[in-house]
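Okay, here's what each chain looks like letter by letter:
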Amino acid sequence: MRNIWTIARREYNHYFTSPIAYVVAFVILLTLGFIFGLVVYGASQAAISGGFGGGAPAAPGIDWMGSTFNFLLMLTIPALTMRLVSDENRTGTMELLLTAPLRDWELIIGKWLGGFLFVLTILAVTVIYPIILNSLETPGLDQRLMMATYLSVILLSAAYLALGVGISSVFSNQIAAMFATLGLFIFLWWLIGFPASYLQSSADVFNYLSTSTHLNSIYSGTLNLSDIIYFLSLTALGLFTGTAAIETRRWN
Amino acid sequence: MIRVEGLIKDYGERRALSDLSFEAGQGEIVGFLGPNGAGKTTTMRILTGYMPPTDGSAVVAGYDVVTESLEVRKRVGYLPETVPLYTDMRAVEYLKFMADLRQIPDSADRAYDTLEMVGLENRANSFIGSLSKGMRQRVGLAQALIHQPEVLILDEPTIGLDPGQVVEIRNVIREIGKQRTVLLSTHILSEAQQICDRVLIINKGKIVAEDTPENLQARLVGSERVSLRVRGDSDGLAKLLLKIKGIQNVDNAPDGSVEFQFAPGQDVRPQVAKAVVTSGYELLEMRPVGMSLEEIFLELTREDVHQGKK
(Lines give C-alpha, C1' and ligand atoms only; values in the text may rest on other atoms or scores of the structure.)
Protein backbone atom coordinates (compact mmCIF):
# COMPACT_ATOMS: atom_id res chain seq x y z
CA MET A 1 0.00 0.00 0.00
CA ARG A 2 2.82 2.40 0.77
CA ASN A 3 4.23 1.85 -2.69
CA ILE A 4 0.90 2.78 -4.28
CA TRP A 5 0.88 5.96 -2.23
CA THR A 6 4.50 6.80 -3.17
CA ILE A 7 3.71 6.47 -6.88
CA ALA A 8 0.38 8.30 -6.57
CA ARG A 9 1.93 11.21 -4.69
CA ARG A 10 4.63 11.65 -7.32
CA GLU A 11 2.07 11.70 -10.12
CA TYR A 12 -0.21 14.06 -8.21
CA ASN A 13 2.61 16.50 -7.55
CA HIS A 14 3.77 16.16 -11.13
CA TYR A 15 0.42 17.46 -12.38
CA PHE A 16 1.04 20.73 -10.60
CA THR A 17 4.29 21.23 -12.51
CA SER A 18 2.80 20.31 -15.86
CA PRO A 19 1.16 22.80 -18.22
CA ILE A 20 -1.23 20.15 -19.55
CA ALA A 21 -2.81 19.68 -16.13
CA TYR A 22 -3.35 23.42 -15.74
CA VAL A 23 -4.90 23.62 -19.20
CA VAL A 24 -7.20 20.71 -18.31
CA ALA A 25 -8.24 22.32 -15.04
CA PHE A 26 -8.75 25.62 -16.85
CA VAL A 27 -10.90 24.06 -19.59
CA ILE A 28 -13.09 22.20 -17.11
CA LEU A 29 -13.57 25.13 -14.75
CA LEU A 30 -14.01 27.71 -17.50
CA THR A 31 -16.62 25.67 -19.36
CA LEU A 32 -18.58 24.91 -16.22
CA GLY A 33 -18.38 28.52 -15.13
CA PHE A 34 -19.57 29.69 -18.53
CA ILE A 35 -22.53 27.34 -18.60
CA PHE A 36 -23.31 28.16 -14.98
CA GLY A 37 -23.37 31.85 -15.91
CA LEU A 38 -25.69 31.17 -18.83
CA VAL A 39 -28.04 29.12 -16.68
CA VAL A 40 -28.27 31.81 -14.01
CA TYR A 41 -28.59 34.56 -16.63
CA GLY A 42 -31.32 32.67 -18.50
CA ALA A 43 -33.25 32.09 -15.27
CA SER A 44 -33.01 35.74 -14.24
CA GLN A 45 -34.24 36.89 -17.68
CA ALA A 46 -37.14 34.45 -17.41
CA ALA A 47 -37.97 35.79 -13.97
CA ILE A 48 -38.00 39.40 -15.22
CA SER A 49 -40.28 38.60 -18.14
CA GLY A 50 -42.52 36.62 -15.86
CA GLY A 51 -41.80 33.26 -17.42
CA PHE A 52 -43.57 31.54 -20.27
CA GLY A 53 -47.29 31.24 -20.28
CA GLY A 54 -47.71 33.48 -17.29
CA GLY A 55 -46.77 30.81 -14.70
CA ALA A 56 -43.97 31.17 -12.17
CA PRO A 57 -40.54 30.65 -13.80
CA ALA A 58 -38.67 27.43 -12.98
CA ALA A 59 -35.62 27.87 -10.75
CA PRO A 60 -32.38 26.80 -12.46
CA GLY A 61 -31.47 23.21 -11.60
CA ILE A 62 -28.20 21.31 -11.99
CA ASP A 63 -29.43 18.81 -14.56
CA TRP A 64 -26.95 20.42 -17.01
CA MET A 65 -23.96 19.42 -14.88
CA GLY A 66 -23.85 15.67 -15.46
CA SER A 67 -23.74 15.71 -19.23
CA THR A 68 -21.35 18.67 -19.26
CA PHE A 69 -19.00 16.79 -16.95
CA ASN A 70 -19.14 13.67 -19.10
CA PHE A 71 -18.27 15.68 -22.18
CA LEU A 72 -15.41 17.52 -20.44
CA LEU A 73 -13.96 14.42 -18.82
CA MET A 74 -14.13 12.52 -22.09
CA LEU A 75 -12.03 15.21 -23.78
CA THR A 76 -9.60 16.01 -20.98
CA ILE A 77 -8.86 12.73 -19.22
CA PRO A 78 -6.95 11.34 -22.23
CA ALA A 79 -4.60 14.32 -21.84
CA LEU A 80 -4.15 13.55 -18.14
CA THR A 81 -3.47 9.84 -18.58
CA MET A 82 -1.52 9.80 -21.86
CA ARG A 83 1.93 10.15 -20.36
CA LEU A 84 1.35 8.31 -17.08
CA VAL A 85 2.92 5.03 -18.18
CA SER A 86 3.91 5.64 -21.82
CA ASP A 87 6.47 8.23 -20.78
CA GLU A 88 8.15 5.75 -18.44
CA ASN A 89 8.40 3.37 -21.39
CA ARG A 90 9.84 6.08 -23.62
CA THR A 91 12.45 7.53 -21.29
CA GLY A 92 13.63 4.22 -19.88
CA THR A 93 12.56 5.01 -16.32
CA MET A 94 10.32 1.94 -16.55
CA GLU A 95 13.51 -0.06 -16.00
CA LEU A 96 13.91 1.77 -12.69
CA LEU A 97 10.36 1.00 -11.56
CA LEU A 98 10.42 -2.60 -12.73
CA THR A 99 13.63 -3.29 -10.79
CA ALA A 100 12.37 -1.54 -7.66
CA PRO A 101 10.65 -3.68 -5.02
CA LEU A 102 7.26 -2.79 -6.42
CA ARG A 103 4.55 -5.10 -7.75
CA ASP A 104 3.31 -4.35 -11.25
CA TRP A 105 -0.26 -3.79 -10.05
CA GLU A 106 0.94 -1.43 -7.33
CA LEU A 107 2.58 0.67 -10.00
CA ILE A 108 -0.56 0.79 -12.14
CA ILE A 109 -2.89 1.52 -9.25
CA GLY A 110 -0.52 4.20 -8.00
CA LYS A 111 -0.51 5.87 -11.41
CA TRP A 112 -4.29 5.70 -11.57
CA LEU A 113 -4.70 7.02 -8.04
CA GLY A 114 -2.44 9.99 -8.78
CA GLY A 115 -4.67 10.97 -11.70
CA PHE A 116 -7.83 10.27 -9.73
CA LEU A 117 -6.76 12.53 -6.87
CA PHE A 118 -5.99 15.29 -9.35
CA VAL A 119 -9.44 15.01 -10.95
CA LEU A 120 -11.04 14.94 -7.49
CA THR A 121 -9.21 18.17 -6.72
CA ILE A 122 -10.74 19.82 -9.78
CA LEU A 123 -14.16 18.38 -8.92
CA ALA A 124 -13.89 19.79 -5.40
CA VAL A 125 -13.54 23.27 -6.90
CA THR A 126 -16.67 22.81 -9.02
CA VAL A 127 -18.81 22.13 -5.97
CA ILE A 128 -19.04 25.91 -5.67
CA TYR A 129 -21.63 26.07 -8.48
CA PRO A 130 -24.30 23.90 -6.88
CA ILE A 131 -23.60 25.60 -3.55
CA ILE A 132 -24.24 29.04 -5.10
CA LEU A 133 -27.40 27.82 -6.83
CA ASN A 134 -28.59 26.22 -3.63
CA SER A 135 -28.22 29.46 -1.71
CA LEU A 136 -29.95 31.49 -4.43
CA GLU A 137 -33.12 29.47 -4.55
CA THR A 138 -35.87 28.39 -2.28
CA PRO A 139 -36.50 25.60 -1.50
CA GLY A 140 -33.02 24.82 -2.87
CA LEU A 141 -31.63 22.24 -5.24
CA ASP A 142 -32.77 18.68 -5.62
CA GLN A 143 -30.24 17.15 -3.17
CA ARG A 144 -30.77 13.67 -4.51
CA LEU A 145 -29.93 14.70 -8.06
CA MET A 146 -26.89 16.59 -6.87
CA MET A 147 -25.50 13.59 -4.98
CA ALA A 148 -26.27 11.32 -7.93
CA THR A 149 -24.55 13.70 -10.34
CA TYR A 150 -21.38 13.95 -8.28
CA LEU A 151 -21.30 10.24 -7.57
CA SER A 152 -21.66 9.52 -11.28
CA VAL A 153 -18.92 11.99 -12.12
CA ILE A 154 -16.59 10.38 -9.58
CA LEU A 155 -17.34 6.89 -10.88
CA LEU A 156 -16.97 8.07 -14.45
CA SER A 157 -13.60 9.71 -13.68
CA ALA A 158 -12.37 6.52 -12.02
CA ALA A 159 -13.37 4.45 -15.05
CA TYR A 160 -12.02 6.90 -17.66
CA LEU A 161 -8.73 7.28 -15.78
CA ALA A 162 -8.29 3.53 -15.43
CA LEU A 163 -8.94 2.98 -19.14
CA GLY A 164 -6.53 5.82 -19.91
CA VAL A 165 -3.81 4.30 -17.73
CA GLY A 166 -4.39 0.89 -19.34
CA ILE A 167 -3.98 2.32 -22.82
CA SER A 168 -1.00 4.43 -21.78
CA SER A 169 0.75 1.23 -20.64
CA VAL A 170 0.50 -0.26 -24.09
CA PHE A 171 2.20 2.67 -25.82
CA SER A 172 5.53 4.41 -25.52
CA ASN A 173 4.19 7.45 -27.35
CA GLN A 174 1.93 9.84 -25.47
CA ILE A 175 0.09 11.19 -28.49
CA ALA A 176 -0.79 7.70 -29.67
CA ALA A 177 -2.01 6.88 -26.17
CA MET A 178 -4.11 10.04 -26.06
CA PHE A 179 -5.92 9.42 -29.34
CA ALA A 180 -6.47 5.76 -28.60
CA THR A 181 -8.01 6.71 -25.26
CA LEU A 182 -10.17 9.43 -26.78
CA GLY A 183 -11.30 7.00 -29.48
CA LEU A 184 -12.30 4.43 -26.90
CA PHE A 185 -14.30 6.99 -24.92
CA ILE A 186 -16.16 8.16 -28.03
CA PHE A 187 -16.82 4.56 -28.95
CA LEU A 188 -18.22 3.69 -25.53
CA TRP A 189 -20.34 6.80 -25.35
CA TRP A 190 -21.66 7.15 -28.88
CA LEU A 191 -20.58 4.64 -31.53
CA ILE A 192 -21.63 1.61 -29.52
CA GLY A 193 -25.21 2.91 -29.82
CA PHE A 194 -25.32 2.09 -33.55
CA PRO A 195 -25.14 -1.69 -33.30
CA ALA A 196 -27.67 -1.41 -30.48
CA SER A 197 -30.17 0.31 -32.74
CA TYR A 198 -29.64 -2.09 -35.67
CA LEU A 199 -29.29 -5.41 -33.89
CA GLN A 200 -32.56 -5.59 -32.02
CA SER A 201 -31.90 -9.04 -30.62
CA SER A 202 -28.73 -8.10 -28.77
CA ALA A 203 -29.58 -4.45 -28.17
CA ASP A 204 -29.62 -4.95 -24.41
CA VAL A 205 -26.01 -6.11 -24.40
CA PHE A 206 -24.78 -3.13 -26.41
CA ASN A 207 -26.88 -0.76 -24.40
CA TYR A 208 -25.43 -2.12 -21.19
CA LEU A 209 -21.91 -1.61 -22.54
CA SER A 210 -22.56 2.02 -23.43
CA THR A 211 -21.58 4.74 -20.97
CA SER A 212 -24.46 6.94 -22.11
CA THR A 213 -27.07 4.37 -21.01
CA HIS A 214 -25.74 4.41 -17.47
CA LEU A 215 -25.18 8.14 -17.42
CA ASN A 216 -28.76 8.81 -18.57
CA SER A 217 -30.11 6.61 -15.86
CA ILE A 218 -28.05 8.52 -13.28
CA TYR A 219 -29.06 11.95 -14.67
CA SER A 220 -32.67 11.01 -14.06
CA GLY A 221 -31.74 10.94 -10.38
CA THR A 222 -31.95 7.22 -9.80
CA LEU A 223 -28.80 5.35 -9.02
CA ASN A 224 -28.97 1.64 -9.74
CA LEU A 225 -26.53 -0.95 -8.55
CA SER A 226 -26.01 -2.07 -12.15
CA ASP A 227 -24.75 1.42 -13.05
CA ILE A 228 -22.27 1.42 -10.21
CA ILE A 229 -21.10 -2.08 -11.12
CA TYR A 230 -20.68 -0.99 -14.73
CA PHE A 231 -18.31 1.87 -13.86
CA LEU A 232 -16.38 -0.21 -11.33
CA SER A 233 -15.99 -2.97 -13.94
CA LEU A 234 -14.57 -0.50 -16.45
CA THR A 235 -12.14 0.70 -13.78
CA ALA A 236 -11.03 -2.86 -13.04
CA LEU A 237 -10.69 -3.62 -16.74
CA GLY A 238 -8.47 -0.59 -17.29
CA LEU A 239 -6.22 -1.38 -14.34
CA PHE A 240 -5.99 -5.02 -15.35
CA THR A 241 -5.02 -4.05 -18.90
CA GLY A 242 -2.29 -1.80 -17.56
CA THR A 243 -0.87 -4.52 -15.33
CA ALA A 244 -1.02 -7.08 -18.13
CA ALA A 245 0.74 -4.68 -20.50
CA ILE A 246 3.62 -4.30 -18.05
CA GLU A 247 3.86 -8.05 -17.51
CA THR A 248 3.97 -8.55 -21.28
CA ARG A 249 6.72 -5.96 -21.58
CA ARG A 250 8.81 -7.91 -19.09
CA TRP A 251 8.61 -11.06 -21.13
CA ASN A 252 9.70 -9.47 -24.37
CA MET B 1 26.40 -12.79 -3.87
CA ILE B 2 25.39 -13.86 -7.34
CA ARG B 3 25.18 -17.37 -8.72
CA VAL B 4 24.17 -17.90 -12.32
CA GLU B 5 23.72 -21.33 -13.85
CA GLY B 6 22.99 -22.18 -17.45
CA LEU B 7 21.25 -18.92 -18.17
CA ILE B 8 19.51 -18.75 -21.56
CA LYS B 9 17.59 -15.81 -22.98
CA ASP B 10 15.89 -15.74 -26.36
CA TYR B 11 14.46 -12.62 -27.97
CA GLY B 12 12.16 -14.26 -30.46
CA GLU B 13 14.45 -16.17 -32.81
CA ARG B 14 17.62 -14.52 -31.59
CA ARG B 15 19.49 -16.13 -28.72
CA ALA B 16 21.01 -13.40 -26.57
CA LEU B 17 22.40 -15.63 -23.83
CA SER B 18 23.39 -19.21 -24.37
CA ASP B 19 24.25 -21.21 -21.31
CA LEU B 20 25.84 -18.47 -19.23
CA SER B 21 27.24 -19.50 -15.85
CA PHE B 22 29.31 -17.62 -13.31
CA GLU B 23 29.53 -16.71 -9.66
CA ALA B 24 30.39 -13.59 -7.73
CA GLY B 25 31.01 -13.71 -4.00
CA GLN B 26 30.64 -11.20 -1.22
CA GLY B 27 33.34 -8.54 -1.12
CA GLU B 28 34.14 -9.12 -4.75
CA ILE B 29 34.05 -6.69 -7.66
CA VAL B 30 33.46 -8.53 -10.88
CA GLY B 31 33.89 -6.85 -14.24
CA PHE B 32 31.77 -7.77 -17.21
CA LEU B 33 33.59 -7.08 -20.46
CA GLY B 34 32.20 -7.60 -23.90
CA PRO B 35 31.38 -5.99 -27.22
CA ASN B 36 27.98 -4.45 -27.89
CA GLY B 37 25.27 -7.05 -28.12
CA ALA B 38 27.29 -9.64 -26.23
CA GLY B 39 24.58 -10.04 -23.62
CA LYS B 40 25.89 -7.89 -20.76
CA THR B 41 22.78 -5.77 -20.39
CA THR B 42 20.50 -8.79 -20.86
CA THR B 43 22.29 -10.62 -18.05
CA MET B 44 22.05 -7.61 -15.77
CA ARG B 45 18.37 -7.18 -16.52
CA ILE B 46 17.72 -10.78 -15.58
CA LEU B 47 19.73 -10.45 -12.37
CA THR B 48 17.81 -7.34 -11.32
CA GLY B 49 14.39 -8.91 -11.86
CA TYR B 50 13.56 -6.69 -14.83
CA MET B 51 12.80 -9.69 -17.00
CA PRO B 52 12.82 -13.45 -16.56
CA PRO B 53 15.28 -15.75 -18.36
CA THR B 54 14.10 -18.26 -20.95
CA ASP B 55 15.89 -21.02 -19.10
CA GLY B 56 18.48 -21.57 -16.39
CA SER B 57 18.61 -20.14 -12.91
CA ALA B 58 20.05 -17.15 -11.18
CA VAL B 59 20.29 -16.58 -7.44
CA VAL B 60 21.03 -13.09 -6.18
CA ALA B 61 21.54 -12.30 -2.49
CA GLY B 62 20.18 -15.74 -1.67
CA TYR B 63 16.91 -15.44 -3.61
CA ASP B 64 15.85 -16.78 -6.98
CA VAL B 65 15.36 -14.00 -9.53
CA VAL B 66 12.21 -15.58 -10.99
CA THR B 67 10.30 -17.02 -8.04
CA GLU B 68 11.44 -14.48 -5.42
CA SER B 69 11.86 -11.47 -7.65
CA LEU B 70 10.62 -8.96 -5.10
CA GLU B 71 13.09 -10.13 -2.45
CA VAL B 72 15.91 -9.87 -5.00
CA ARG B 73 14.86 -6.37 -6.01
CA LYS B 74 14.90 -5.23 -2.37
CA ARG B 75 18.54 -6.26 -2.08
CA VAL B 76 19.93 -5.13 -5.42
CA GLY B 77 21.00 -1.68 -6.52
CA TYR B 78 20.95 -1.22 -10.27
CA LEU B 79 22.24 1.47 -12.56
CA PRO B 80 20.97 0.77 -16.09
CA GLU B 81 22.92 1.75 -19.18
CA THR B 82 20.55 4.61 -20.05
CA VAL B 83 20.38 6.30 -16.66
CA PRO B 84 16.69 6.34 -15.68
CA LEU B 85 16.01 9.82 -14.35
CA TYR B 86 12.98 12.07 -14.11
CA THR B 87 14.39 15.23 -15.60
CA ASP B 88 11.56 17.36 -14.19
CA MET B 89 12.40 16.45 -10.60
CA ARG B 90 15.03 17.94 -8.35
CA ALA B 91 17.94 15.62 -7.58
CA VAL B 92 17.02 15.30 -3.93
CA GLU B 93 13.31 14.80 -4.70
CA TYR B 94 14.16 12.02 -7.09
CA LEU B 95 16.33 10.27 -4.53
CA LYS B 96 13.68 10.70 -1.87
CA PHE B 97 11.14 9.12 -4.24
CA MET B 98 13.46 6.15 -4.78
CA ALA B 99 14.10 5.89 -1.03
CA ASP B 100 10.34 5.88 -0.42
CA LEU B 101 9.88 3.10 -2.96
CA ARG B 102 12.51 1.17 -1.03
CA GLN B 103 10.62 1.95 2.20
CA ILE B 104 13.58 3.62 3.86
CA PRO B 105 12.66 5.58 6.98
CA ASP B 106 13.90 9.19 7.00
CA SER B 107 14.07 9.07 3.22
CA ALA B 108 14.89 12.79 2.90
CA ASP B 109 17.97 12.48 5.13
CA ARG B 110 19.10 9.42 3.27
CA ALA B 111 18.68 11.23 -0.04
CA TYR B 112 21.02 14.01 1.10
CA ASP B 113 23.56 11.57 2.52
CA THR B 114 23.65 9.61 -0.71
CA LEU B 115 24.06 12.77 -2.77
CA GLU B 116 27.01 13.64 -0.56
CA MET B 117 28.50 10.23 -1.23
CA VAL B 118 28.57 10.89 -4.97
CA GLY B 119 29.73 14.48 -4.46
CA LEU B 120 26.56 16.27 -5.56
CA GLU B 121 25.40 17.77 -2.25
CA ASN B 122 25.67 21.30 -3.66
CA ARG B 123 23.31 20.46 -6.55
CA ALA B 124 20.65 18.78 -4.41
CA ASN B 125 17.98 21.29 -5.37
CA SER B 126 18.83 21.49 -9.06
CA PHE B 127 16.43 19.98 -11.54
CA ILE B 128 17.92 16.81 -12.97
CA GLY B 129 17.27 18.15 -16.46
CA SER B 130 19.72 20.97 -15.81
CA LEU B 131 22.55 18.72 -14.66
CA SER B 132 25.45 17.72 -16.92
CA LYS B 133 25.77 14.18 -18.19
CA GLY B 134 28.40 13.32 -15.60
CA MET B 135 26.27 14.66 -12.78
CA ARG B 136 23.23 12.75 -14.03
CA GLN B 137 25.34 9.61 -14.08
CA ARG B 138 26.19 10.27 -10.44
CA VAL B 139 22.53 10.83 -9.52
CA GLY B 140 21.82 7.48 -11.17
CA LEU B 141 24.56 5.87 -9.15
CA ALA B 142 23.18 7.47 -5.97
CA GLN B 143 19.82 5.91 -6.77
CA ALA B 144 21.48 2.49 -6.97
CA LEU B 145 23.28 3.03 -3.65
CA ILE B 146 20.51 4.63 -1.64
CA HIS B 147 19.33 1.48 0.14
CA GLN B 148 22.86 0.19 0.78
CA PRO B 149 22.21 -2.93 -1.29
CA GLU B 150 23.90 -6.26 -0.77
CA VAL B 151 24.47 -6.57 -4.49
CA LEU B 152 25.27 -3.68 -6.79
CA ILE B 153 24.83 -4.06 -10.53
CA LEU B 154 26.19 -1.24 -12.67
CA ASP B 155 25.88 -1.06 -16.43
CA GLU B 156 28.76 1.09 -17.68
CA PRO B 157 28.95 3.26 -14.57
CA THR B 158 31.76 5.58 -15.65
CA ILE B 159 30.61 6.31 -19.19
CA GLY B 160 30.35 10.04 -19.91
CA LEU B 161 32.27 11.11 -16.82
CA ASP B 162 35.33 13.33 -16.96
CA PRO B 163 38.62 11.80 -15.77
CA GLY B 164 38.42 13.36 -12.32
CA GLN B 165 34.91 12.06 -11.77
CA VAL B 166 35.88 8.64 -13.07
CA VAL B 167 38.49 8.39 -10.33
CA GLU B 168 35.95 9.48 -7.70
CA ILE B 169 33.30 7.04 -8.84
CA ARG B 170 35.81 4.22 -9.01
CA ASN B 171 36.79 4.97 -5.43
CA VAL B 172 33.14 4.88 -4.37
CA ILE B 173 32.67 1.54 -6.12
CA ARG B 174 35.86 0.10 -4.67
CA GLU B 175 34.79 1.16 -1.19
CA ILE B 176 31.39 -0.49 -1.59
CA GLY B 177 32.96 -3.59 -3.08
CA LYS B 178 34.82 -4.29 0.15
CA GLN B 179 31.73 -5.65 1.89
CA ARG B 180 29.26 -6.19 -0.92
CA THR B 181 29.07 -7.85 -4.28
CA VAL B 182 29.55 -5.60 -7.28
CA LEU B 183 28.98 -6.59 -10.88
CA LEU B 184 29.85 -3.90 -13.38
CA SER B 185 30.10 -3.84 -17.12
CA THR B 186 32.59 -1.76 -19.01
CA HIS B 187 34.21 -1.28 -22.37
CA ILE B 188 37.42 -0.03 -20.86
CA LEU B 189 39.97 -2.68 -20.09
CA SER B 190 42.08 -0.40 -17.90
CA GLU B 191 39.02 0.31 -15.77
CA ALA B 192 38.46 -3.38 -15.25
CA GLN B 193 42.11 -3.75 -14.35
CA GLN B 194 41.95 -0.97 -11.80
CA ILE B 195 38.84 -1.86 -9.86
CA CYS B 196 37.86 -5.46 -10.55
CA ASP B 197 39.00 -8.47 -8.61
CA ARG B 198 37.91 -10.68 -11.44
CA VAL B 199 36.97 -10.15 -15.07
CA LEU B 200 34.45 -12.08 -17.14
CA ILE B 201 34.71 -11.65 -20.86
CA ILE B 202 31.45 -12.33 -22.60
CA ASN B 203 30.84 -12.75 -26.29
CA LYS B 204 27.72 -13.88 -28.12
CA GLY B 205 25.97 -14.75 -24.89
CA LYS B 206 28.79 -16.93 -23.59
CA ILE B 207 31.66 -16.41 -21.21
CA VAL B 208 34.82 -16.75 -23.25
CA ALA B 209 37.31 -15.97 -20.51
CA GLU B 210 37.25 -15.58 -16.76
CA ASP B 211 40.26 -14.60 -14.72
CA THR B 212 41.90 -11.91 -12.64
CA PRO B 213 42.83 -8.87 -14.71
CA GLU B 214 46.53 -9.61 -14.21
CA ASN B 215 46.29 -13.18 -15.47
CA LEU B 216 44.13 -12.15 -18.36
CA GLN B 217 46.59 -9.49 -19.34
CA ALA B 218 49.48 -11.92 -19.19
CA ARG B 219 47.58 -14.42 -21.28
CA LEU B 220 46.60 -11.91 -23.86
CA VAL B 221 49.90 -10.15 -24.22
CA GLY B 222 51.46 -13.25 -25.67
CA SER B 223 53.07 -11.11 -28.31
CA GLU B 224 54.01 -7.52 -28.88
CA ARG B 225 52.73 -5.46 -31.73
CA VAL B 226 54.68 -2.72 -33.44
CA SER B 227 53.68 -0.08 -35.95
CA LEU B 228 56.22 0.93 -38.58
CA ARG B 229 56.05 3.99 -40.80
CA VAL B 230 58.33 4.98 -43.68
CA ARG B 231 58.45 8.02 -45.95
CA GLY B 232 56.71 7.57 -49.26
CA ASP B 233 55.57 4.22 -50.59
CA SER B 234 55.46 1.32 -48.22
CA ASP B 235 55.01 -1.18 -51.07
CA GLY B 236 57.04 -4.27 -50.55
CA LEU B 237 57.66 -3.44 -46.93
CA ALA B 238 55.38 -6.22 -45.74
CA LYS B 239 57.21 -8.73 -47.88
CA LEU B 240 60.51 -7.53 -46.52
CA LEU B 241 59.30 -7.89 -42.92
CA LEU B 242 58.09 -11.41 -43.45
CA LYS B 243 61.63 -12.46 -44.35
CA ILE B 244 62.83 -11.53 -40.86
CA LYS B 245 62.71 -14.43 -38.45
CA GLY B 246 60.21 -14.18 -35.55
CA ILE B 247 57.81 -11.76 -37.22
CA GLN B 248 54.14 -12.67 -37.48
CA ASN B 249 50.84 -11.16 -38.47
CA VAL B 250 52.04 -8.43 -40.81
CA ASP B 251 49.23 -6.08 -41.78
CA ASN B 252 49.01 -2.92 -43.84
CA ALA B 253 47.23 -0.37 -41.67
CA PRO B 254 44.84 2.01 -43.46
CA ASP B 255 47.01 5.05 -42.65
CA GLY B 256 49.88 3.71 -44.75
CA SER B 257 51.90 2.25 -41.90
CA VAL B 258 52.65 -1.43 -41.47
CA GLU B 259 52.01 -3.37 -38.27
CA PHE B 260 53.66 -6.59 -37.18
CA GLN B 261 53.98 -8.77 -34.12
CA PHE B 262 56.74 -10.67 -32.43
CA ALA B 263 56.83 -13.02 -29.48
CA PRO B 264 57.94 -11.49 -26.16
CA GLY B 265 61.61 -11.95 -25.42
CA GLN B 266 62.47 -12.06 -29.08
CA ASP B 267 62.77 -8.39 -29.77
CA VAL B 268 63.37 -8.11 -33.51
CA ARG B 269 63.17 -4.35 -33.71
CA PRO B 270 66.94 -3.80 -34.30
CA GLN B 271 66.89 -6.25 -37.20
CA VAL B 272 63.76 -4.61 -38.60
CA ALA B 273 65.33 -1.15 -38.44
CA LYS B 274 68.49 -2.37 -40.16
CA ALA B 275 66.57 -4.23 -42.85
CA VAL B 276 64.29 -1.28 -43.57
CA VAL B 277 67.14 1.19 -43.89
CA THR B 278 69.40 -1.06 -45.98
CA SER B 279 66.53 -1.70 -48.37
CA GLY B 280 66.37 2.03 -49.12
CA TYR B 281 63.28 2.99 -47.12
CA GLU B 282 63.40 6.09 -44.97
CA LEU B 283 62.33 5.07 -41.50
CA LEU B 284 60.09 7.67 -39.85
CA GLU B 285 58.58 5.88 -36.89
CA MET B 286 58.59 2.58 -35.09
CA ARG B 287 56.38 2.35 -32.02
CA PRO B 288 54.65 -0.31 -29.94
CA VAL B 289 50.89 -0.55 -30.33
CA GLY B 290 48.77 -1.32 -27.29
CA MET B 291 46.12 -3.97 -27.62
CA SER B 292 42.66 -2.47 -27.78
CA LEU B 293 39.69 -4.21 -26.28
CA GLU B 294 38.43 -5.08 -29.74
CA GLU B 295 41.70 -6.81 -30.53
CA ILE B 296 41.50 -8.72 -27.29
CA PHE B 297 38.07 -9.90 -28.24
CA LEU B 298 39.26 -10.93 -31.65
CA GLU B 299 42.10 -12.75 -29.98
CA LEU B 300 39.79 -14.48 -27.53
CA THR B 301 37.19 -15.51 -30.03
CA ARG B 302 39.92 -16.81 -32.30
CA GLU B 303 41.27 -18.83 -29.38
CA ASP B 304 37.79 -20.14 -28.86
CA VAL B 305 37.56 -21.37 -32.43
CA HIS B 306 40.95 -23.08 -32.20
CA GLN B 307 39.96 -24.87 -29.02
CA GLY B 308 36.76 -25.94 -30.67
CA LYS B 309 38.65 -27.53 -33.52
CA LYS B 310 40.96 -29.55 -31.28
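Residues numbered from 1 in each chain as written. Chains lettered and ligands numbered in written order. Predicted model: local features only at pLDDT ≥ 70, side-chain atom pairs only at ≥ 80, totals over all residues. Heavy atoms only, no water.

(A) Region of the structure containing the packing of aromatic side chains. Residue and element names in this part refer to chain A. A full pass over the atoms with the stated rule returns 13 aromatic pairs over all chains. Ring centres 5.5 Å apart and planes at 75° place the aromatic pair F16 and F118 in the edge-to-face group. Within this pair, whereas F16 is found in the loop between α1 (2–15) and α2 (19–48), its partner F118 is found in helix α5 (residues 104–126), the two being separated by 102 residues in sequence. Its relative accessible area of 4% is what places F118 among the buried residues. Centre to centre, the rings of Y160 and F185 are 4.0 Å apart; their planes meet at 25°, and the pair counts as stacked. Placement of Y160 in helix α7 (residues 143–170) and of F185 in helix α8 (residues 174–191) is noted, with a sequence separation of 25 residues between them. Note on Y160: relative accessible area 0%, which makes it buried. (Phe/Tyr/Trp six-rings, centres within 6.5 Å; stacked < 30°, edge-to-face > 60°. Helix = DSSP H or I, 4+ residues; strand = E, 2+ residues; numbered from the N terminus. Buried < 20%, exposed > 50% of the residue type's maximum accessible area, 1.4 Å probe, protein only.)

(B) Up close: the confidence of the model for chain B. Averaged over all residues, the pLDDT of chain B equals 85, while 91% of them reach at least 70. With pTM at 0.84, the complex prediction returns an ipTM value of 0.88. (pLDDT = per-residue confidence, 0-100.)

(C) Highlighting the interface of chain A and chain B. Listed by partner, the interface residues are 23 residues for chain A and 27 residues for chain B. Here chain A packs against chain B, burying approximately 2500 Å² in sum over the two surfaces, 59% of which is carbon and sulfur. In terms of surface lost to chain B, no three residues of chain A exceed E95(A), L96(A) and P101(A), which account for 27% of the buried area on that side. In this assembly, chain A and chain B are joined by 2 salt bridges. With a closest N to O distance of 3.0 Å, R9(A) and D100(B) form a salt bridge. Linking chain A with chain B are 11 residue pairs in polar contact (both at pLDDT 80 or more). Listed by contribution, the elements that provide at least two residues to the side of chain A that touches chain B are α1, α4 (93–98) and α12 (225–251) of chain A. Counting residues per element, the side of chain A that touches chain B draws most heavily on α1(A), at 7 residues. Of the residues belonging to the side of chain A that touches chain B, the class tally is 9 nonpolar, 7 polar and 7 charged. (Contact = heavy atoms within 4.5 Å. Buried area = accessible area lost by both parts, 1.4 Å probe. Salt bridge = Lys/Arg side-chain N within 4 Å of Asp/Glu carboxyl O. Polar contact = N/O pair within 3.5 Å; in protein donor to acceptor, adjacent residues only side chain to side chain. Nonpolar A, V, L, I, M, F, W, Y, C, P; charged D, E, K, R; others polar.)

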